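What follows is the residue order along each chain.
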Amino acid sequence: MSLFQVYPLQPIAITKALGSHVWDDKGTAYLDMYGGHAVISIGHTHPHWVKRIEDQLHAMAFYSNSVIMPIQEELAAALNKMSGKQDYQLFLCNSGAEANENALKLASFHTGRKKIIAFSKAFHGRTSLAVAATDNPSIIAPVNETDNIIFLPFNDVEALTACFSKQGDEIAGVIIEGIQGVAGIYEATTIFLQTIRALCDKHGAVYIADSVQCGYGRSGKFFAHDYAGVNADIYSMAKGMGNGFPIGGILIAPSIKAKFGLLGTTFGGNPLACAAALAVLEVMKKDNLMKAATENGKYLMEALSNIKGVKSVRGKGLMIGFEMETGLEDIRKVLLNDYKIFTGEAKPNVIRLLPSLSISIAEIDLFLKALIEAVFQISNKTV
Ligand SMILES: Cc1ncc(COP(=O)(O)O)c(C=O)c1O
């Protein structure tokens, strides 16, 4: 049987990983500036993470959500502390799309309303409502089409205010990434997030902070939305949460009350995933990784903006996007093939850096040196 070919694959088979490096089946090492798409938060196969999952595997791998699961409660308490969202409640699931699907559904249940506001270039996942709130018609199947999503321009305070003035009593919620990832690293402005908070309060709507990619410390704060100084009602999380072990979740404000049967899942909150997520929080705390993300991200962005051929740099912490000047479109290919460095991309020409939060300055320097050489290599070929 063949695999269903939905990914344009690099012809590289990764079979080993440690820290900020991965190795292919021939033993070639690669520097991972992509973090397996923002997933690797504390470093590949971190020893504490491996041990936490291994110990849990020996103790108990699974039971259904019909019994008390102490490790889920341990994770909720650790998340309350680390995120600073003290009274929030935790619902666990398995992926980012599922986290957003549950967040949107909950907003609708809570308000009794149908309309969701989402923004241009947003990406929220591929399940039914999450994909409908994603601004990419090519991945929305006919069955997912709905007129319940209102798309507005990103960071446009006036358009948002006008929409609420016109139909505020129909709006269940507003969903927004703190830093748009798939779009190419664009930050939501402080005034925009504050306006969302104020309008949601005024009209009784739910503010959903999609933190699947920009959350879990990647921006230097636990949630990138925190830079605006206002709280969301629901935070969705996934990618960095398990450092590669599949887990997602939503943090839910105390004003939103649970009811038996409102949400549910078979695998969400399974003990192995909880062990992985706890290991991530423990390492983040012990190694002060949010501070590291802030400092090392600043270092990396400053250095990038001084490199010849780099046109623009944006982002926060270790969620960085940069664009190259015309003629350097092949830079990612050269970095991968000649310098053995994985980077991410956003169409049409943004390079995304989403490395482990534990990446060292020496590893960052390795990347910067390779980028300078790759620019030189391409420029000399063109001449
Ligand atoms: C902001 C954002 N939300 C949701 C998702 C969907 O997450 P998943 O692929 O785990 O379903 C992604 C994935 O890239 C994302 O970047």
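The structure this text deals with has already been given above.
Because the structure is a prediction, the values reported are computed rather than measured.

A tally of regular secondary structure across the protein gives 11 helices and 17 strands. Principal axes of the C-alpha set define a box for the protein whose edges measure 60 × 55 × 45 Å. The buried share among the 383 residues of the protein stands at 53%. A separation of at least 24 residues holds for 73% of the contacts in the protein among residues at least 6 apart in sequence. For the protein, the computed accessible surface area is about 17,700 Å², with 57% contributed by carbon and sulfur atoms. Of note, the protein has its 35 positive side-chain charges centred 1 Å away from the centre of its 36 negative side-chain charges.

With that settled, the discussion passes to the site of the ligand. The environment of the ligand is formed by 13 residues, the closest being Gly96, Ala97, Asp210, Gln213 and Lys239. Ala97 is positioned with one of its backbone polar atoms (N or O) 2.8 Å from an oxygen atom of the ligand. Separating an oxygen atom of the ligand from a side-chain N or O atom of Lys239 is a distance of 3.0 Å. Taking 390 Å² as the accessible area of the ligand by itself, protein coverage stands at 82%.

We now examine unusual backbone geometry. The residue after Lys347, namely Pro348, is reached through a cis peptide bond having omega 5 degrees. Relative to the assigned elements, Pro348 resides in the loop between strand E16 (344-346) and strand E17 (350-353). Non-glycine residue His37 carries a positive phi angle of around 70 degrees. Take His37: it is sitting in helix H1 (residues 35-38). For Asn155, which is not glycine, the phi dihedral falls at a positive 65 degrees. Classification of Asn155 by relative accessible area gives partly exposed; the value is 26%.

Here the focus is helix H7 (residues 190-203). Between its first and last C-alpha atoms H7 spans 20 Å; for 14 residues at 1.5 Å apiece the expected length is 20 Å, and the two agree. Within the span of H7, buried status applies to Phe192, Leu193, Thr195, Ile196, Arg197, Leu199, Cys200 and His203. Lining the buried residues of H7 we find strand E5 (115-119), helix H6 (157-167), strand E7 (171-177) and strand E10 (206-210). Phi turns positive, to about 70 degrees, at Gly204, one or two residues after H7.

On the secondary structure map, Ile53 appears in helix H2 (residues 47-59). Owing to a relative accessible area of 13%, Ile53 belongs among the buried residues under this scheme. Sequence-wise, Ile53 and Ala279 are 226 residues apart; in three dimensions their C-alpha atoms are separated by 8.3 Å.

Below, the discussion takes up the environment of Trp23. Structurally, the position occupied by Trp23 is in strand E2 (residues 21-24). Counting along the chain gives 326 residues from Trp23 to Asn349, while the straight-line C-alpha distance between them is 27 Å. For Trp23, the contacting residues outside a window of four places in its chain are Ala13, Ile14, Thr15, Lys16, Ala17, Leu18, Thr28 and Ala29.

A few words now on the sheet that holds E10. Pairing within the open sheet is mixed, and its 7 strands lie in the order E4-E12-E11-E10-E7-E5-E6. For this open sheet the edge positions go to strand E4 (89-93) and strand E6 (149-152), each flanked by a neighbour on one side alone. Neighbouring strand axes in the sheet, compared pairwise and without regard to direction, differ in orientation by 20 degrees on average. Direction of pairing for E5 relative to E7: parallel, over a ladder of 3 bridges. In the strand pairing of E7, Ile116 is matched with Gly173. Relative to the sheet, helix H3 (residues 70-83) contacts E4, strand E11 (234-237) and strand E12 (248-252), its axis offset from that of E4 by approximately 120 degrees.

Moving on to the side chain of Asp233. Here Asp233 lies in the loop between E10 and E11. Of the polar contacts made by the side chain of Asp233, one reaches the side chain of Arg197; its length is 3.1 Å. Sequence-distant contacts of Asp233, defined by excluding residues within four places in its chain, comprise Tyr88, Arg197, Ala205, Val206, Tyr207, Leu251, Ile252, Ala253 and Ile256.

Glancing now at a nonpolar patch on the surface. A cluster of nonpolar side chains, Phe4, Val6, Tyr7 and Leu9, forms an exposed patch at the surface whose accessible area comes to about 560 Å². Mapping Phe4 onto the fold places it in the segment before strand E1 (14-18).

The next subject is the packing of aromatic side chains. Summed over all chains, the structure comprises 8 aromatic pairs. Seen in terms of ring centroids, Phe154 and Phe192 are 6.4 Å apart; in terms of plane orientation they differ by 70 degrees. Their pairing is edge-to-face. In this pair, Phe154 is assigned in the loop between E6 and H6 and Phe192 in helix H7, connecting sequence segments 38 residues apart. With respect to class, Phe154 is no different from Phe192; both count as buried. Seen in terms of ring centroids, Phe222 and Phe223 are 4.9 Å apart; in terms of plane orientation they differ by 85 degrees. Their pairing is edge-to-face. Assessed through its relative accessible area of 3%, Phe222 is described here as buried. Judged by relative accessible area, Phe223 falls into the buried class, the value being 0%. A network of ring pairs unites the aromatic residues Tyr88, Tyr216, Phe222, Phe223 and Tyr235 as a single cluster.

Procedures and definitions
Residues numbered from 1 in each chain as written. Predicted model: local features only at pLDDT ≥ 70, side-chain atom pairs only at ≥ 80, totals over all residues. Heavy atoms only, no water. Helix = DSSP H or I, 4+ residues; strand = E, 2+ residues; numbered from the N terminus. Buried < 20%, exposed > 50% of the residue type's maximum accessible area, 1.4 Å probe, protein only. Contact = heavy atoms within 4.5 Å. Areas by Shrake-Rupley, 256 points an atom, 1.4 Å probe, with all protein chains shown as cover. Lys, Arg positive; Asp, Glu negative; His and termini not counted. Charge placed at Lys NZ, Arg CZ, Asp CG, Glu CD. Near = heavy atom within 4 Å. Polar contact = N/O pair within 3.5 Å; in protein donor to acceptor, adjacent residues only side chain to side chain. Expected span 1.5 Å × (residues − 1). Pairing = 2+ DSSP bridges. Axes fitted to C-alpha atoms, helices over the stretch in contact; angles between N-to-C directions. Patch = residues over 30% accessible without salt bridge, like charges linked within 9 Å, V, L, I, M, F, W, Y side chains within 5 Å. Salt bridge = Lys/Arg side-chain N within 4 Å of Asp/Glu carboxyl O. Phe/Tyr/Trp six-rings, centres within 6.5 Å; stacked < 30°, edge-to-face > 60°.

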